[in-house]
Amino acid sequence: MTEPAHSLRHTLTRNVVPVVLGLGLFGAGLWALYRLLHKVHFADVIHEMKTMPAGVLAIALLTTALAYLALIGYDWWALRYLGKKLPPRAVLLGGFLGYAFGNTIGVSVISGGAVRYRIYSAFGLNAFEVAALSSYIALAMGIGLTLVGFIALGLHPAALAGLLPFSEGLIRAGALGAAALTLAVLFGLSFSGRTLRLRRFEISMPSPGILVGQMVVALFDSTMAAATLYVLLPAGAPDFVTFLAIYATATMVGVLSHVPGGVGVFETVVIAAMPPGTEVGTVAAALLLFRSIYFLLPFTIAFVVVSLNEARLAGGWAARVFGEVSAPLRPVFTAISGAVPWLVGAWALGLGLYLIAVALMPSVRPGDSDDLVGAILLEGGALVSAVMGIVLVILSQGLLRRVSGAFWLTLAALTGGVVASLLNDLDLGSAAVITAGALILLPFRREFHRRTTITEGVFSPGWFAMIGALAIAATLFFFFVHEAMPYSPWVLTDFARDANAPRALRAGLAGSAVLLVFMVYLALQPVRRRRREGGSVALDAAAAVIAAQDDPQACLALSGDKDLIFSPAEDAFVMYARQRKSWVAFGDPVGAPESFDALAWDFYETAQKANCRAVFYEVSARYLPIWIEMGLVLHKVGEEAVVRLPEFSLAGAKFKSMRAAFNKKQREGLALEILQPPHSDALIDTLEGISNAWLGTKSGREKGFSVGRFDAAYLDNFPIAVIRRAGRIVAFANILAPGGGRAVGIDLMRYLPEAADGMMEFLFLSLIEHYRAAGAEEFTLGVAPLAGLSERRTARLWNRFGRLMFRHGGAFYNFEGLRGFKQKFQPEWRPRYIALPPGLSPMLAMADVAILIAGGPRGLLPKSGPKPDKGTEKPRAG
């Protein structure tokens, strides 16, 4: 199979097929629900909701609060399992916000995990620890809910007897047997400490104490969540234990369907499992109230909490009224700001769906059918409501990318929604909801600062899935609400005040027309490729930015083998190179940190416009929130060795052998000299001879991309350290010391073959001593590729492959030897990662990186001729 065909097949399998399958399951669930409700009148459902006793609602609110308190217990035990201790306030806040947002958005491990990362990272947890915590929670919830369902089903097998083709005795035996087997496996693994392998997954259990605590939390959580819905159900519903089995089954089916929130699927199972004779309309009302109380209300409370604290952080009236955010929690709410685009996007999408639903619903107030003014106002209200709802759906995509225009247009669309509500028979309730929704958004205005197009990314598989789900839901909702309408060829021309169905149909068509015009407009736009920055002008601009930095790696932008993309203010840039469909950015963005977020998105979207993928190689841990917020997947690719110069000293027993070797080289006449640019032609000619001799001993060709290359113009940007013996230069390295020289590194390090013995160690020590005396704080020895990857058996496949290459990849590169050599200097090891779009294999991405570093596919092959003696070859710096 050719590479393009394989790539297309991989893309369809990883990205398109899951979306199509999820959309199909969503549609099937809604269609089944529609068929179950075909005899139910919408007005009766609304009446049942409005007449629900206040006492019942109070109990539902109480059980919801207890359920969310139990959910926070998952975080508590997960932290115990990971051996992390956080302040109780942080766990309460992180747990509640994570579940409130995750449950409603529907992808709890992703959305809830993103919120947890921002909160828990303020207390020292890193991204991978939070990912492990989120995975643990997901597994614990799934196992707990499954156990509760099995036990309840074993006690009352009649709960699902009408849905399963088995006898009650067989259901009871199967459920209790499955529960007993699950408990036996869990506690067996817990007591023995063994790991369960399921294909490529490995599962290890916590200690028995944590496992028991987790089981108690799972039982209490499931019981309270089921009780919230149970108290809302009408008379004739099954007893609570029986219903607990129904609830657990419906929840698990919803999770397995991969439909966000299990919408439609959960409701279908619950209604289908109700005993014969139960009022379906009343059950539907209970389910709508359950969704509102258990999902929407906590989401709204959590969103208001984040909005209010955003306002408190900004000072002004909120700080005066509610007080300043306490010092311990200030880093927490500052960190949460990184999740604001996703939350505001979901908020705008929800309000848009609400306006669309309002446009499709009939007028609730009776009136004179011949009232022309009233008919015109209702018509205008429905049309404006539908159009503004569609506009909010479109704008939600721009909000995810912090686009300033999307934020202000969202407020304008919500204002239009308020006007539409007032035209719709003075619907003050809807007007109040939309007004409150707009006001809650105001404190977030500082988070939307990007000046770019609103429509970027709307043709992704996720976009089509959302539009497809919206179309399916709106169509079925219309037919459910207006099932009694007599259809005729003239239905669209009926403009009477009480013509609710024709008016809703016209509003739906108007909204659909707006969406269709928008998508056709985008499809007809020419592809605009951003100009790639290169040449001397771009390098001069980059040099000006680098001069204000203290990261030695930034200097590699001047090598001339990478393109540059600058921020609009030209105070920051990304260096990158292209290989096949990969645009590989090297290192962190360089320049003003406040421009990094927009710049990273700009690079990502520019690559997308070119039908390519953005890859961020060797990024540090300093800006992890940016990559996480962008939805990228992080894989560790090595560790950077950094020597803290103020604490470094050759004195002491641990450096005894190095000190002796260093002193011996000095007695042999080796001496360091630092030569400042510009460099003479004679010096460059001498260094080129050394470089060519050094390259002649290597099996590969001159590298690039992540290291510099021997080029006179490139070397003229830096000081050059030379080692002389009896006045003759025998080795050299160019010094990377941007800005004030707080941090220093080297790039090319080359020497004559006859001077190889101990040269690298002597040069490093000479430079460390020189720059320590000059007042520098850090000296970087460079990155040790594939070093520090996880040793856990549960590590990802990339970690396992990387460890294998690290230990046994000597035929390709002396990874382990390089790490061991740098460890002699007792450095601080700092992780480096590769950040990839979801679904992209790290092996494929690293293959593209390897080709870029090698200067092309041929650079990966050894040169012809004799190979160097592996017994004497040392790890090289560049």
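Described below are features of the structure shown in this document. (Residues numbered from 1 in each chain as written. Predicted model: local features only at pLDDT ≥ 70, side-chain atom pairs only at ≥ 80, totals over all residues. Heavy atoms only, no water.)

**Quick notes on the overall build of the protein chain**
Then, in step 1: Looking only at helices and strands, one finds 29 helices and 14 strands in the protein chain.
Then, in step 2: Here the analysis covers contacts within the protein chain between residues at least 6 apart in sequence; of these, 74% occur between residues at least 24 apart.
Then, in step 3: With the model as given, the accessible surface of the protein chain reaches about 39,500 Å², and the carbon-plus-sulfur share is 64%. (Helix = DSSP H or I, 4+ residues; strand = E, 2+ residues; numbered from the N terminus. Contact = heavy atoms within 4.5 Å. Areas by Shrake-Rupley, 256 points an atom, 1.4 Å probe, with all protein chains shown as cover.)

**Section: the pattern of salt bridges**
Then, in step 1: In total, this model carries 20 salt bridges according to the counting rule given.
Then, in step 2: For Glu647, the salt bridge identified is with Arg644, shortest N-O distance 3.7 Å.
Then, in step 3: Note on Arg644: relative accessible area 29%, which makes it partly exposed.
Then, in step 4: Glu673 serves as the salt-bridge partner of Arg724, at 2.6 Å between the closest nitrogen and oxygen. A residue pair is termed long-range when its members are at least 10 positions apart, and Arg724 in strand S10 (residues 720-725) and Glu673 in strand S9 (residues 670-675) qualify at 51 residues.
Then, in step 5: Take Arg724: its relative accessible area is 25%, and that puts it in the partly exposed class.
Then, in step 6: Via salt bridges that share partners, Asp550, Arg644, Glu647, Arg742, Glu777, Glu778, Glu828 and Arg830 belong to a single interconnected network. (Salt bridge = Lys/Arg side-chain N within 4 Å of Asp/Glu carboxyl O. Buried < 20%, exposed > 50% of the residue type's maximum accessible area, 1.4 Å probe, protein only.)

**What to know about the nonpolar core**
Then, in step 1: Of all hydrophobic cores here, the largest spans 122 residues; its most connected members are Leu97, Leu229, Phe616 and Trp627.
Then, in step 2: For Phe616, the residues in contact, after removing those within four places along its chain, are Ala585, Ala600, Phe603, Trp627, Met630, Leu632, Tyr833, Ile834 and Ala835. (Core = buried A, V, L, I, M, F, W, Y, C linked by side-chain atoms within 4.5 Å.)

**Brief notes about the packing of aromatic side chains**
Centre distance and the angle of the planes are the two values used to describe a pair of aromatic rings.
Then, in step 1: Applying the stated rule across the entire model yields 38 aromatic pairs.
Then, in step 2: Between Phe101 and Phe299 the ring centres are 5.3 Å apart and the planes differ by 80 degrees, which places this aromatic pair in the edge-to-face class. Of the two residues, Phe101 sits in helix H4 (residues 88-105) while Phe299 sits in helix H11 (residues 280-314), which places them 198 residues apart along the sequence. Take Phe101 and Phe299: they sit in the same class, and that class is buried.
Then, in step 3: Measuring from centroid to centroid gives 6.3 Å for Phe764 and Phe779, while their planes differ by 90 degrees, and the two rings are edge-to-face. A residue pair is termed long-range when its members are at least 10 positions apart, and Phe764 in helix H26 (residues 759-773) and Phe779 in strand S13 (residues 778-785) qualify at 15 residues. Each member of the pair Phe764 and Phe779 is classed as buried. (Phe/Tyr/Trp six-rings, centres within 6.5 Å; stacked < 30°, edge-to-face > 60°.)

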